Amino acid sequence: MDIAYIPSPSTGVIHLGPIPLRGYAFCIIIGVFVAVWLGNKRWIARGGKPGTVADIAVWAVPFGLVGGRLYHVITDYQLYFGEGRNWVDAFKIWEGGLGIWGAIALGAVGAWIGCRLRGIPLPAWADALAPGIALAQACGRWGNWFNQELYGRATDLPWAVEISAGPNRDAGTYHPTFLYESLWCIGVAFLVIWADRRFKLGHGRAFALYVAAYCVGRGWIEYMRVDEAHHILGVRLNVWTSIVVFVLAVVYFVLSAKLRPGREEVVEPDASGGEGGKDAKDGKAAVEAKDNGKDKAEAKAEVEAADAGPKDSAPALARGAVKADLRKPGVDAEATEADKS
């Protein structure tokens, strides 16, 4: 009796003349574009400038690719430096092998450099990118389908993936763990978007939620995989990594909520826009008033004076002082008018 299954591509590469077009690379590229596109929309909604996300991604993506490959090579070194192996294969990223843990860790270093150059807070940028990163992972996992790798135990379920015979693999139908993780990442993206809208997450908490939720899914999916991996106390290394990273993400989320509640008022200097049509100057004034106990109108006047430059700063400050005086009880209106003239 024939059983239903998901067929695998006969090859993971198509040659356009002398140029090889690899499915794994296409999935990674599509994921990057999705992350930047969604991150840009969320960044603008937070009050940032269009294009900032892409500018910082120029730093984050290369660092992330290097970090992801390093993690994979280090944790599966026997695939490249064992007996009968060719160490040059460690550089063949198109054949698969990116560790998300290394990609996020080193990608964050690249993002930090980009954020420093733009003068914006890394946690706010990470919050904007969080659901996009999850969707990028969902796209990238289909690269494993093209390469017929990272599948789970044998099964005859209707959604099993068919694997053909090849180096280090036997023909058969297996759990499509790449599909499970892809669907899980899509769910994580929607969870972060919903939670961010509902609770106004800020200061890196949306990113921490993404990390924690991903780790939960990665943990149980990792148990199903049958590819070669290192074990500690009988448990796969990536399961331990998921547990440790999950705990760190939850701890950060809780401490951040206590130490820095709420959401950043301003995410990028001199940028207008954001939800509700708020201007960045209004956000700066709100922060100034909150931090220094000033009247909001007075703080806004000072912000406007600072933005106007030396030429207009004195009149702007005078106008701000007059406006503040008008709000004080008992101020004589005629005296105030005299001051204005």
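Thresholds, definitions, all that
- Here the residue numbers are simple positions, counted from 1 along each chain's written sequence.
- Owing to the predicted nature of the model, reporting of local features is limited to residues with pLDDT of at least 70; listing and counting of side-chain atom pairs is limited to 80 or more, with chain, interface and lining totals taken over all residues.
- Working from all heavy atoms in the structure, the side-chain values ignore hydrogens and water.
- Counting from the N terminus, the helices are the DSSP runs of H or I reaching at least four residues and the strands are the DSSP runs of E reaching at least two.
- In this scheme, a residue with accessible area under 20% of its type's maximum is buried, one over 50% is exposed, and one in between is partly exposed, where area comes from a 1.4 Å probe on protein chains only.
- UniProt positions are given in the numbering used here, feature names are shortened, and annotations may be inferred rather than shown by experiment.
- Contact definition: two residues touch when any of their heavy atoms are within 4.5 Å.
- Here a polar contact is taken to be a pair of N or O atoms separated by no more than 3.5 Å, where protein atoms must pair a possible hydrogen donor with a possible acceptor and residues adjacent in sequence count only if both atoms sit in side chains.
- Put simply, the grid is 1 Å and covers the protein atoms alone, a cavity is a trapped set of points that fit a 1.4 Å probe, a pocket is an open set with protein on both sides within 12 Å along at least five of seven lines, and lining residues have an atom within 4 Å of a point.
- Grid points are joined across faces, edges and corners, and a volume is the space filled by probe spheres set on the points.
- Only Asp, Glu, Lys and Arg are considered charged, only Ala, Val, Leu, Ile, Met, Phe, Trp, Tyr, Cys and Pro nonpolar, and every remaining residue, Gly among them, polar.
- In this description, a line fitted to the C-alpha atoms serves as the axis of each element, helices being fitted only across the stretch in contact, and the angle between N-to-C directions of two axes falls anywhere from 0 to 180 degrees.
- The cut-offs work like this: below 35 degrees is roughly parallel, past 145 is roughly antiparallel, 65 to 115 is roughly perpendicular, and the gaps in between are oblique.
- By convention, the crossing between two helices is left-handed when the near helix turns anticlockwise from the far helix through less than a right angle, and right-handed when the turn is clockwise.
- Two rings belonging to Phe, Tyr or Trp (six-membered ring only in the last case) form a pair when the distance between their centres is within 6.5 Å. Interplanar angles under 30 degrees mark stacking, angles over 60 mark edge-to-face geometry, and anything in between is tilted.
- The span one expects for a helix is its residue count, reduced by one, times 1.5 Å.
- Strand pairing is defined by DSSP finding a minimum of two bridges between the two strands.

Glycine aside, residues mostly have negative phi angles, and peptide bonds mostly take the trans form. The backbone phi angle of K200 is positive, close to 55°, even though this residue is not glycine. Mapped onto the elements, K200 comes out in the loop between α7 (177–199) and α8 (205–224). Overall, K200 belongs to the partly exposed group, its relative accessible area being 42%. Its identity is not glycine, yet H203 carries a phi of approximately 55°, on the positive side. With respect to the secondary-structure elements, H203 resides in the loop between α7 and α8. Note on H203: relative accessible area 10%, which makes it buried.

Here, UniProt's "binding site: a 1,2-diacyl-sn-glycero-3-phospho-(1'-sn-glycerol)" (unreviewed entry) annotation points to R141. Looking at the secondary structure, you find R141 in the loop between α5 (122–140) and α6 (142–147). Not counting the four nearest positions on each side in its chain, R141 is found in contact with L150, F178, E181, S182, Y214, R218 and R225. Side-chain polar atoms of R141 contact the side chain of N144, separated by 2.7 Å.

What follows deals with empty space enclosed by the protein. This model, assessed by the stated rule, comprises one cavity of 30 Å³ or more. Its boundaries defined by the atoms lining it, the largest cavity holds a volume of some 30 Å³. Forming the boundary of the largest cavity are S8, N144, W145, Q148, E149, Y151, V161, I163 and F178. Secondary structure elements with two or more residues in the lining of the largest cavity: α6 and β3 (161–163). Tallied by class, the residues present in the lining of the largest cavity amount to five nonpolar, three polar and one charged.

Attention shifts here to the packing of α5 against α7. It is the contact of α5 with α7, at a shortest axis distance of 8 Å, that shows an interaxial angle of 170°. The angle between the axes of α5 and α7 places the two elements in the roughly antiparallel class. The hand of the α5/α7 crossing is left-handed. Along its contact with α5, which presents A130, P131, A134, L135, Q137 and A138, the element α7 presents E181, S182, C185, I186, V188, A189, V192 and I193. Along the lines of polarity and charge, the residues of the contact of α5 with α7 split into eleven nonpolar, two polar and one charged.

Summed over all chains, the structure comprises ten aromatic pairs. Summarising the aromatic geometry, the rings of W142 and W145 are spaced 5.6 Å apart at their centres and angled 80° between planes, so their arrangement reads as edge-to-face. A residue pair is termed a helical-turn pair when its members lie 3 or 4 positions apart in one helix, as W142 and W145 do in helix α6 at three residues.

We now examine α7. Spanning 23 residues, α7 covers 32 Å between terminal C-alpha atoms, matching the ideal 33 Å at 1.5 Å per step. If you follow the buried residues of α7, they end up packed against α1 (23–45), α5, α6, β3 and α8. Downstream of α7 by one or two residues, K200 has phi in the positive range, about 55°.

Moving on: the pairing of strand β1 (residues 13–16). One ladder, built from four bridges, connects β1 with strand β2 (residues 19–22); its direction is antiparallel. Of the residues in β2, the one forming a bridge with I14 is L21. Hairpin connection between β1 and β2: a loop of two residues separates the two successive antiparallel strands, and G17 in this loop has a positive phi of roughly 65°.

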